[in-house]
Amino acid sequence: MIRINDIVDKISDYNPSADLDIIDRAYIFSARVHQGQVRLSGEPYLIHPLEVAAILADLKLDEVSIVSGLLHDVIEDTWATPEQLRDMFGDDVCHIVEGVTKLSAITSSSMETRQAENLRKMILAMAKDIRVVLVKISDRLHNMRTLQFHKEHKRKDIARETLDIYAPIAGRLGIYWMKKELEDSAFMYLLPEEYNKIDMLVKNNLAKGGEYIEIVKNLIKQKLDESNIESEIVGRYKHYYSIYQKMLRQNLTFDELYDIIAFRIVVDNMHQCYMVLGLIHALWKPIPKKFKDYIGTPKPNGYQSLHSSVIGPLGKRMEIQIRTHDMDKVARSGIAAHWSYKEGKRTTDEEIRKTFKWLQDLVENQAQFRDPKEFLENVRIDLFPDEVYVFTPKGEVKSMPRGATPIDFAYMVHTELGNQCISAKVNGRVVPLRYELKTGDIVEVISAKGHTPSRDWLKFVKTVKARSRIRQWIKIQEKERSLPLGREMCEKEFEKHKLDFNVEVKSEKMKKVVEDFGYKDIDDLIADIGYGKFTPHQIAKKFIPEEPEAQESLLTKIIGRVTKKKKDVGVIVSGVDDVLIRFGKCCHPLPGDPIIGYITRGYGVAIHRSSCVHALRTDPERRIDVNWREKSGQIYPVKICIVARDRVGLLADIATNIAKNSANILNANTGDIDENNTSTMLFTIAVEDNGHLDKVVAAIKKVKLVQSVVRIS
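Okay, so let's go over this structure. (Residues numbered from 1 in each chain as written. Predicted model: local features only at pLDDT ≥ 70, side-chain atom pairs only at ≥ 80, totals over all residues. Heavy atoms only, no water.)

1. Here's the deal with the pattern of salt bridges
Here is the rule: We define a salt bridge as a contact between a side-chain nitrogen of Lys or Arg and a carboxyl oxygen of Asp or Glu at a distance within 4 Å. Numbered from the N terminus, helices here are DSSP runs of H or I no shorter than four residues, and strands are runs of E no shorter than two. Residue burial is assigned from relative accessible area. The probe radius is 1.4 Å, only protein chains are included, and a residue is buried under 20% of its type maximum, exposed over 50%, and partly exposed in between.
By the definition in use, this model includes 27 salt bridges. For the salt bridge of Asp164 with Arg160, the shortest nitrogen-to-oxygen distance reads 3.4 Å. Residue Asp164 and its partner Arg160 are both found in helix α10 (residues 152-172); the two are separated by four residues, about one turn of the helix. With relative accessibility at 39%, the residue Arg160 sits in the partly exposed group. Residues Lys217 and Glu214 are paired through a salt bridge, measuring 3.7 Å at the closest nitrogen-oxygen approach. With Lys217 and Glu214 both in helix α12 (residues 192-226) and three residues apart, this pair spans about one turn of that helix. Residue class for Glu214 comes out partly exposed when judged on its relative accessible area of 41%.

And the structure:
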């Protein structure tokens, strides 16, 4: 168990001038307010803030960060108030603790909505002080280390959020050891069978792999010694989640994977990095298109290194990373390696500001999304960029997400340039606006005054900034058309009830109505009435006595009165009953999957998985909260793809294992057998929920010669 003295000793080692008194006071205060509280493990709650503070000390952060780690839960879980923290420990500590505190006032029944609003709050706080997110990730890291004490459904929810949000943020901050641990922990709880399988394969391969690592290290050291280059050489297996992703992405077995062993060579200066690269390429043959120069073109988080894949001893492929000691420090600690933050200063260094441009973009873009689910989805897009590096005509490097187009590039430079873009040149040649940019491209945007964005651009742009600016422009144009229409509709509706809309619109009551509908401005509400989001009757009825008959909802008006939902259909539509529900055939959602509803015209509410591409392309204004019923007794179709080596009785064994687990085969397509004697089979089966599906998939995987079983859309 960690003790406060251990933490103080760590801090004294890397910062002898640290103010240890404030850390002692924070520890005493935390112990007092958490007294009597216990964690699910049965341990005193105080152990958790101590562990969080210890992780922050491992990152060599300043006293404010350590104090914030010790106090990060006191506002949320104890009687302590922000005012007390501000008086006792200062504004910075109070800001950080408030930034990591969840919004207790959120009453929405949707977990995704709560998650989105808490994330929005944290992003705004971390834009002001990056230490907010360093404390939050340290908090999440210790929670993942003790996740086994939660119930299974809670474990999966926390693990999914960790994989979707916190691991990518750690990666964007350049703290890769945290990213890897968060990913592997989440992987273990989300897909335990796959995790255990890879764990067993790696451990079985360790002895052989360990010998191979030593052979390669000795060969590299011998080569570098001949050139009098001092170095540190480390060899390791890639982490489990990375191995699983590569197996899934390339449809390979563990034995078919290459370069799962990586070597890191650390030298004294940048000149030696390129010398070592030449020596390695002279020693082993480099693999074409597998070289990346992150020294010449650093990652947005400041990461620098040379990466090259080569064919090493015994014909095995392996990855070599070459960097200096300073680069290695940043690669291990990311933004925490910048001493300017350890001293608690707001740095003015241009390179650090560039490092956090992605964060500023998140803050800027979040204001464009009123729908929490849409905001959450766009944050996820921003956190998984998989960059390419392109150049302006003046030679300035721009980092773009893979698949980005000249339109994305134009909006990255300036909103007006994006709005007025008419064409683009890449490497001196005119290209279509949907052209996907590649690393090394020189991009020149051609614009014309008076030109305006096209709605079709939304079909292919990749960046959140481009998408939000295009939607913003479209919304302005729609407002100009729908505002007079909405006003006319309201005037007629109010007239029916002998009311003067032009008089009521200036009243205090109308201000309250505007707030109740979630708007700041009456014109925005009127424009949305003209657009069809609300009916004028919904506004008018706030000004007239309650009518005896039930009022039609927007949902009923759009869908029609005749639509009725089936009994026990398995889904609850937020605040609405008697509505037709149908499930998207594109993604086949199952109970347990995160889902969203989309209001169609005349066909009820379509239910999709939250990650479904078709659902994400729908108009956010027509999305509605939906939830699974506790128990519906329904069965649902789902498609799975099975890849296996062909043999006599294979199909019979697969069918038997499906039937043994109470699932029904609705359709089967066994496909052809390729030259490697491998068969790819597509099955549609009926199951009760995603837990039932997991059991069926696990049973199929036990069939002899089955290589993979994947749920598909």
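2. A word on helix α13 (residues 240-250)
Among all positions in α13, only Tyr240, Tyr241, Ile243, Tyr244, Lys246 and Met247 are buried. At the C-terminal side of α13, Asn251 shows a positive phi close to 55°.

3. Observations regarding the environment of Lys585
Residue position: Lys585 is located in the loop between β12 (581-583) and β13 (595-599). Remark: the alpha-carbon pair of Lys585 and Val638, spanning 53 residues in sequence, is separated by 9.1 Å.

4. Structural notes on the packing of helix α9 (residues 131-145) against α10
What counts, and what does not: Helix axes use the C-alpha atoms of the stretch in contact, all axes being lines fitted to C-alpha atoms, and the angles between their N-to-C directions lie in the range 0 to 180 degrees. Orientation labels follow simple angle bins: below 35 degrees gives roughly parallel, above 145 gives roughly antiparallel, 65 to 115 gives roughly perpendicular, and whatever is left gives oblique. By convention the crossing between two helices is left-handed if the near helix lies anticlockwise of the far one by an angle smaller than a right angle, and right-handed if it lies clockwise. By definition, residues are in contact when any of their heavy atoms lie within 4.5 Å. Three classes are used, and their members are as follows: Ala, Val, Leu, Ile, Met, Phe, Trp, Tyr, Cys and Pro are nonpolar, Asp, Glu, Lys and Arg are charged, and the others, Gly among them, are polar.
Closest axis-to-axis distance for the α9/α10 pair is 11 Å, and the angle between their directions is 140°. Relative to α10, the element α9 is oriented oblique. Of the two elements, α9 crosses α10, and the hand of that crossing is left-handed. Here Val133, Lys136, Ile137, Arg140 and Met144 of α9 lie close against α10, whose contacting residues are Ile158, Ala159, Glu161, Thr162, Tyr166, Ile169 and Ala170. Residue composition of the contact of α9 with α10, by class: eight nonpolar, one polar and three charged.

5. What about helix α14 (residues 270-283)?
Condition: The span expected for a helix works out to 1.5 Å for each residue beyond the first. In the analysis that follows, any N or O atom pair within 3.5 Å is treated as a polar contact, provided that within protein one partner can donate a hydrogen and the other can accept it, and provided that, for residues neighboring in sequence, both atoms belong to side chains.
If you check α14, its first and last C-alpha atoms are 20 Å apart, about what 14 residues at 1.5 Å a residue would give, namely 20 Å. Turning to α14, its buried residues are Gln272, Cys273, Val276, Leu277, Leu279 and Ile280. The N-capping residue of α14, defined by a side-chain oxygen 3.2 Å from the backbone nitrogen of His271, is Asn269.

6. A word on the pairing of strand β2 (residues 261-267)
In plain terms, the rule: Strand pairing requires that DSSP identify at least two bridges connecting the strands.
Burial analysis of β2 places seven of its seven residues in the buried class, which makes it a mostly covered element. Residues Ile261, Phe263, Ile265 and Val267 point to one face of β2 and Ala262, Arg264 and Val266 to the other, with burial holding for every one of them. Where strand β1 (residues 232-237) lies against β2, six bridges are found, and the strand directions are antiparallel. Residue Glu232 lies in a different strand from β2, and its bridge partner there is Val266.

7. Topic: the sheet that holds strand β9 (residues 429-431)
In spatial order, the strands read β9-β8-β10; together these three strands make up an open sheet with antiparallel pairing. On the outer flanks of this sheet lie β9 and β10 (443-447), each paired with one strand and no other. Averaged over all pairs of adjacent strands, the angle between strand axes in this sheet comes to 35°, irrespective of strand direction. Looking at chain direction, strand β8 (residues 421-426) and β9 are connected through three bridges and run antiparallel. Paired with Lys425 across the two strands is Val430, which belongs to β9.

8. Focus on a positive patch on the surface
Which entries qualify depends on this criterion: Residues enter patches when their relative accessible area tops 30% and they take part in no salt bridge; the joining distance is 9 Å for like charges and 5 Å for the nonpolar side chains Val, Leu, Ile, Met, Phe, Trp and Tyr. Using the Shrake-Rupley algorithm and a 1.4 Å probe, accessible areas are obtained, with residue cover drawn only from the displayed protein chains. In this tally, Asp and Glu contribute negative charge and Lys and Arg positive charge; neither His nor the terminal groups of the chain are included. Think of each charge as sitting on NZ of Lys, CZ of Arg, CG of Asp or CD of Glu.
Where like charges cluster on the molecular surface, the positive patch consists of Arg249, Lys290, Lys292 and Arg317. Here Lys290 shows up in strand β3 (residues 285-293). Classification of Lys290 by relative accessible area gives partly exposed; the value is 33%.

9. Concerning the packing of aromatic side chains
The following threshold applies: For Phe, Tyr and Trp, rings pair up if their centres lie within 6.5 Å, where Trp contributes its six-membered ring, and each pair is then called stacked (planes under 30 degrees apart), edge-to-face (over 60) or tilted (otherwise).
With the rule as written, the count across this model stands at 14 aromatic pairs. Relative to Tyr195, the ring of Phe187 has its centre 5.6 Å away and its plane inclined at 70°; by these criteria the two rings are edge-to-face. Judged by its relative accessible area of 1%, Phe187 is buried. What makes Tyr195 buried here is its relative accessible area of 15%. Between Phe187 and Tyr241 the ring centres are 5.6 Å apart and the planes differ by 65°, which places this aromatic pair in the edge-to-face class.

10. Description of the environment of Ile287
With respect to the helices and strands, Ile287 occurs in strand β3. Overall, the relative accessible area of 12% leaves Ile287 in the buried class. Ile287 sits 23 residues away from Val310 along the chain, and the two C-alpha atoms are 5.3 Å apart. Residues in contact with Ile287, not counting those within four places in the same chain, are Ser309, Val310, Ile311 and Arg317.

11. A few points about the pairing of strand β5 (residues 317-324)
Judged by how many residues are buried, β5 sits mostly within the fold: seven of eight residues are covered. Here β2 pairs with β5 via six bridges, running parallel. Looking across to β5, one finds that Ile265 is bridged to Ile322. Looking at chain direction, strand β4 (residues 306-311) and β5 are connected through six bridges and run antiparallel. The partner of Ser309 across the bridge, within β5, is Glu319. Between the antiparallel neighbours β4 and β5 lie five residues, among them Leu314 with a positive phi of about 65°.

12. A word on the nonpolar core
Heads up, the rule is: For our purposes a nonpolar core is just a set of buried Ala, Val, Leu, Ile, Met, Phe, Trp, Tyr and Cys residues, chained together by side-chain atoms within 4.5 Å.
If you look at the biggest cluster of nonpolar residues, it comprises 100 residues, and the most contacted ones within it are Ile7 and Leu71. Sequence-distant contacts of Ile7, defined by excluding residues within four places in its chain, comprise Ile2, Leu50, Ala53, Ala54, Ala57 and Ile66. Ile581, Ile624, Tyr636 and Val638 belong to the second-largest nonpolar core, a separate cluster that totals 30 residues.

13. Digging into the side chain of Thr463
Following the sequence through the fold, Thr463 ends up in the loop between β10 and α22 (464-496). Residue classification places Thr463 among the buried residues on the basis of a relative accessible area of 11%. Within polar-contact distance, the side chain of Thr463 engages the backbone nitrogen of Ala466 at 3.3 Å.

14. A few points about the sheet that holds β13
Across the sheet, four strands lie side by side as β12-β14-β13-β15; this open sheet has mixed pairing. If you trace the sheet from one side to the other, it starts and ends with β12 and β15 (623-624), each paired once. Bridge count for β12 against strand β14 (residues 605-609) is three bridges, and the pairing is parallel. For Phe583, the partnering residue across the bridge sits in β14 and is Ile607.

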